[in-house]
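So you can see what is in the structure, the chains are spelled out below.
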Amino acid sequence: MEFTLPAIKIGAIAPELILVCSAAGLMMLDAFAKERGKTLLPILSIVGLALAMVASLKLWGKSEVTFAGMVAVDSYRVFFNIIFIIGALLTVLLSMNYTPREEIDRGEYYVLVLLATVGMMVMAAGTDLIMIFLGLELLSISVYVLAGFARGQLKSNEAALKYFLLGAFASGFLLYGMALVYGAVGSTNLAMIAETLATPHLPARVLLMVGVGLLVVGFGFKVAIVPFHMWTPDVYEGAPTSITAFMAVGVKAAAFAGFARVFIGALGALHPDWTMVLWVLAVATMTVGNLAAITQSNIKRMLAYSSIAHAGYVLVGMVAGNEVGRASMLFYLLAYTFMQAGAFGVVIMLGQKGEPRLNITDYAGVGHKYPLIGVAMAIFMFSLGGIPPTAGFVGKFYLFGAAIKAGYVWLVILGVINSAISIYYYLRVTVVMYMHEEGEEVLAVSRAPAVALALILTSVATLGLGIFPSWIWEPVQKTVNLLLG
Amino acid sequence: MVSVEHYLILSGILFAIGVIGVLTRRNAIIVFMCIELMLNAVNLSFVAFARHFNDMSGHIFVFMIMTVAAAEAAVGLAIILAIFRNRETVDVDEINIMKW
């Protein structure tokens, strides 16, 4: 039997390698360093993430597949890597003051954040179902632990258990879907799947359709689309706030990276079949997310439902399925990373030890007492609601524009109505901050320079993307070609 | 002669048993066992298909699933243990400070 080793190009997986090495290094540092050395952990993880960013950017503009058709080196992957690294950097910044305050500053925290980021990158790079599954699990297992990181707190325990049980359950569906697609097509390689499906006589159509349906369920759980969203509010509420931010931005983007690569890339020939399903799911996701968010009084739960609604908006781009649709998905996920991480940053900033202040009414008078925090929160809320001149507005403009171009007028009408509904609950936060009198309690803000830095970066980026969208929109349009291998 | 269909039917039955178990059982550890059953049902179909196509990637996939399932078991049991320490219960109906 002839056996040839596949070509090994270390450069192609340099970002992942750098992060794995820094995670291993951090683990050693945490185990052997004295107390003072441990304060270096977040800084070293920022250095590792920055190096991975450089290594990713070096792959920009390439278009090849290595490791025997397993790893794509294309701009799509690089763009997603940028989103993941920015998400992880913001998470580290948000955690630097938050974890000591909550007394959960153990070293493996940063190790797990880095490993979860590696999982996301593997998902975006994978051009084989095996790779996408491995990336997803590396990501999920790390995040299960992170969600339960405050192990003395019942809410955190509960969040971890719910996330773990439902996440593993969803992985089962995803895997069964992959197995049936493999059975129908005879290959796990995305390029081979696309090639087989392009032939007019589809083999084993029933098997294939059931498989695709199970894949929708599996990915749907991970990106939290209705009706697979039940876990989201509980997990987002119970997890440590910095990890909630990480889940809302990074995990969602990673799941969409795999979702789009599999569905638009490999299963593109079945577009007419799965579009109708995703159309319905997109409308349901937007509507349920927004309506449920209105009734929430806890800000983390409100942001959780808002993240469900945003997954619905991104699905609109996927339903459109054209090049503009794909590009607008990427743009929206980047914009969403900044605004959602920023909003969670404000939540962290206004919390105190043992007093998280998660009720929206707790924010009364913040706008006058702390004008900068008030302005930042207003920017994020305007952006999440899609009010110009913010990134959220431009992102929705591109998404809905793409759907109009593809002929889904009703979907866009429903999306715009939903957007209008969402403005109500986003603006309510701003109204409480500026119009309501400060309560009896003294509103103190914890001293958190790293969180302040994250807030400055995210609010500048949210406004910047809104005012100069073409800086990102031009390069993003070059990334839409999904390479399959 | 046992054909690929027989394996697929068995795998489908096992998967369904797993799903029903997850939905009906209330003990977190049994729910987790049912999830493992689902994963193993998937493994069975992968192996059956791989034999059928005479293709290695299905076999490789099974190895990966087993590895991941082991890692997941470690993390999952640790999470259940953390809950048990604080609550002294592993009943998923009693773990409901936040509404489901």
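To start, this report covers the structure provided alongside it. Source: prediction; values computed, not measured. (Residues numbered from 1 in each chain as written. Chains lettered and ligands numbered in written order. Predicted model: local features only at pLDDT ≥ 70, side-chain atom pairs only at ≥ 80, totals over all residues. Heavy atoms only, no water.)

1. As for the pattern of salt bridges
Residues and elements named next belong to chain A. Our working definition: Any carboxyl oxygen of Asp or Glu within 4 Å of a side-chain nitrogen of Lys or Arg constitutes a salt bridge here. Helix and strand labels come from DSSP, where a helix needs a run of H or I of at least four residues and a strand needs a run of E of at least two; each type is numbered from the N terminus. Buried, partly exposed and exposed residues are distinguished by accessible area as a fraction of the type maximum, computed with a 1.4 Å probe on protein chains only: under 20%, between the cut-offs, and over 50%, respectively.
A full pass over the atoms with the stated rule returns 12 salt bridges over all chains. Across the pair Lys 162 and Glu 158 runs a salt bridge whose closest N-O atoms are separated by 2.7 Å. Of this pair, Lys 162 and Glu 158 both sit in helix 7 (residues 154-185), four residues apart, which is roughly one turn of that helix. Note on Lys 162: relative accessible area 2%, which makes it buried. Its relative accessible area of 1% is what places Glu 158 among the buried residues. Across the pair Lys 162 and Asp 234 runs a salt bridge, and its minimum N-O distance is 3.0 Å. Of this pair, Lys 162 sits in helix 7 while Asp 234 sits in helix 10 (residues 231-238); the two residues are 72 residues apart in sequence, bridging distant segments of the chain. Here the salt bridges do not stand alone but share partners, grouping Lys 155, Glu 158, Lys 162, Asp 234, Glu 237 and Arg 301 into one network.

2. Observations regarding the interface of chain A and chain B
Selection criterion: Whether two residues are in contact is decided by their heavy atoms, any of which lying within 4.5 Å being enough. Two parts placed together each lose some accessible area under a 1.4 Å probe, and the buried area is that loss summed for both. What qualifies as a polar contact is a pair of N or O atoms within 3.5 Å, subject to a donor-acceptor requirement within protein and to the restriction that residues adjacent in sequence count only when both atoms come from side chains. Under this grouping Gly is polar, as are all residues other than the nonpolar Ala, Val, Leu, Ile, Met, Phe, Trp, Tyr, Cys and Pro and the charged Asp, Glu, Lys and Arg.
Residue-level contacts link 40 residues of chain A with 44 residues of chain B. Summed over both sides, the interface of chain A with chain B buries roughly 3700 Å², with 81% coming from carbon and sulfur. Applying the counting criterion to the chain A and chain B interface returns zero salt bridges. Inspection of the region where chain A meets chain B yields four residue pairs in polar contact (both at pLDDT 80 or more). Counting residues per element, the ones that place at least two in the side of chain A that touches chain B are helix 6 (129-147), helix 7 and helix 10 of chain A. Broken down by element, the side of chain A that touches chain B gets its largest block of residues, 23 residues, from helix 7 of chain A. The class makeup of the residues in the side of chain A that touches chain B is 24 nonpolar, eight polar and eight charged.

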